[in-house]
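# Structural description and commentary
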Amino acid sequence: SGDYPDYDNNSANNYKATFVYTTGPYYSKGSLAPNLTTSWSSSRDGSGIAPPNFTSAGNSFVIQNGHNMTTTAVWSPSGAGCQVVVESGGTLTPTSSFNVSLTHNTTTDLDVFGTFAATGGANGLTLGANATVVVENGGVISHAGTSSGFVNAGAGSSITFANGSKFQMAKNAGTVPTATWNTGSTCEFPGNTGSTPVGLGQSFYNFHRSESTRLNS
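Residues numbered from 1 in each chain as written. Predicted model: local features only at pLDDT ≥ 70, side-chain atom pairs only at ≥ 80, totals over all residues. Heavy atoms only, no water.

Below, the discussion takes up the overall build of the protein chain. The secondary structure content of the protein chain amounts to one helix and 22 strands. For the protein chain, the proportion of its 217 residues judged to be buried stands at 43%. Within the protein chain, residue pairs in contact and separated by at least 24 positions form 52% of the contacts whose partners lie at least 6 positions apart. (Helix = DSSP H or I, 4+ residues; strand = E, 2+ residues; numbered from the N terminus. Buried < 20%, exposed > 50% of the residue type's maximum accessible area, 1.4 Å probe, protein only. Contact = heavy atoms within 4.5 Å.)

Okay, structure coming up:
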């Protein structure tokens, strides 16, 4: 915070104006739209201030346990050092036409300990050049979107599934995103019962397909 200089109005009305500013992290205030600044607070209990925008340097955005944030417009958090974190028990859901778009600003641009639930189209997760996504132990990316794929991957961008993480294909005829599948990660198909998935030419660790999917391979 900071102070403007004293203002003397004919020596009759002296006042001092105080302004407050902050940088992230900002925390989700509930199951709200992440693309609205009013959905975020500088304190976990929601009593803090909202970010002025999604483009200032140093901001990070944390989706808390129990909150399912669903886009109502394209959400493009950016700015030097910007990061999106989905905590365990939290969910980020991009919907049809309203994708989550990430530029590369820090070591891990999207860090998923909870769930990233793709329900929209082919650009549900749009990754700029060199943008990075890490799905951590206990984290899940699920795909039940309206298109075969949901990732629009820029040059040099990457998705990594860490030990204990999962990708879940919750639809038929879907595309598994190109990713690094570390020891202990899992790719599974709980919603694919009649069509052969696309993107299977990768080095998976745990790989679970239903019998009905195998019969249609």
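Moving on, we come to the packing of aromatic side chains. The final tally for this structure, using the stated rule, is 13 aromatic pairs. When the centroid spacing of 5.9 Å and the interplanar angle of 20 degrees are considered together, the rings of Y26 and F61 count as stacked. Placement of the pair is Y26 in strand β5 (residues 26–28) and F61 in strand β7 (residues 60–63), with a sequence separation of 35 residues. Taken together, a centroid distance of 6.5 Å and an interplanar angle of 80 degrees make the contact between F167 and W181 edge-to-face. One end of the pair, F167, is in strand β19 (residues 166–169); the other, W181, is in strand β20 (residues 180–181), with 14 residues separating them in the sequence. For W181, a relative accessible area of 8% translates into the label buried. Joined through ring pairs, the aromatic side chains of F150, F161, F167, W181, F189, F204 and F207 make up one cluster. (Phe/Tyr/Trp six-rings, centres within 6.5 Å; stacked < 30°, edge-to-face > 60°.)

Here we take up the nonpolar core. Of all hydrophobic cores here, the largest spans 33 residues; its most connected members are L110, F116 and F167. Setting aside its immediate chain neighbours within four residues, F167 contacts I141, H143, F150, F161, T175, V176, P177, W181, T186, C187 and E188. (Core = buried A, V, L, I, M, F, W, Y, C linked by side-chain atoms within 4.5 Å.)

To continue, consider the pattern of salt bridges. Under the definition given, this model contains two salt bridges. One salt bridge in this structure joins R44 and E87, with 2.7 Å as the shortest N-O distance. On the criterion of sequence distance, the pair formed by R44 in the loop between β6 (40–41) and β7 and E87 in the loop between β9 (83–86) and β10 (91–93) is long-range, its members being 43 residues apart. For E188, the salt bridge is made with K166, and the minimal N-O distance between the two is 3.6 Å. Residue E188 is found in strand β21 (residues 186–188), and its partner K166 is found in strand β19; the two are separated by 22 residues along the sequence. Classification of E188 by relative accessible area gives buried; the value is 14%. The exposure class of K166 is partly exposed, given its relative accessible area of 32%. (Salt bridge = Lys/Arg side-chain N within 4 Å of Asp/Glu carboxyl O.)

Moving on to the sheet that holds strand β11 (residues 100–102). On the basis of which strands lie adjacent, the open sheet formed by three strands has the order β11-β14-β17 and parallel pairing. Looking at the sheet topology across the chains shown, the edges are occupied by β11 and β17 (151–153). Within this sheet the neighbouring strands show an average axis-to-axis angle of 10 degrees, counted without direction. Across three bridges, the pairing between strand β14 (residues 125–127) and β17 is parallel. The partner of L127 across the bridge, within β17, is A153. (Pairing = 2+ DSSP bridges. Axes fitted to C-alpha atoms, helices over the stretch in contact; angles between N-to-C directions.)

Our next topic: the confidence of the model for the protein chain. Across the protein chain, pLDDT averages 88, with 85% of residues at or above 70. In this model residues 1–20 is a low-confidence stretch, pLDDT under 50, and it forms 20 contacts with partners more than four residues away in sequence or in other chains. Long-range and interchain partners of residues 211–217, a stretch whose pLDDT sits below 50, account for 12 contacts in this model, where long-range means more than four residues apart. (pLDDT = per-residue confidence, 0-100.)

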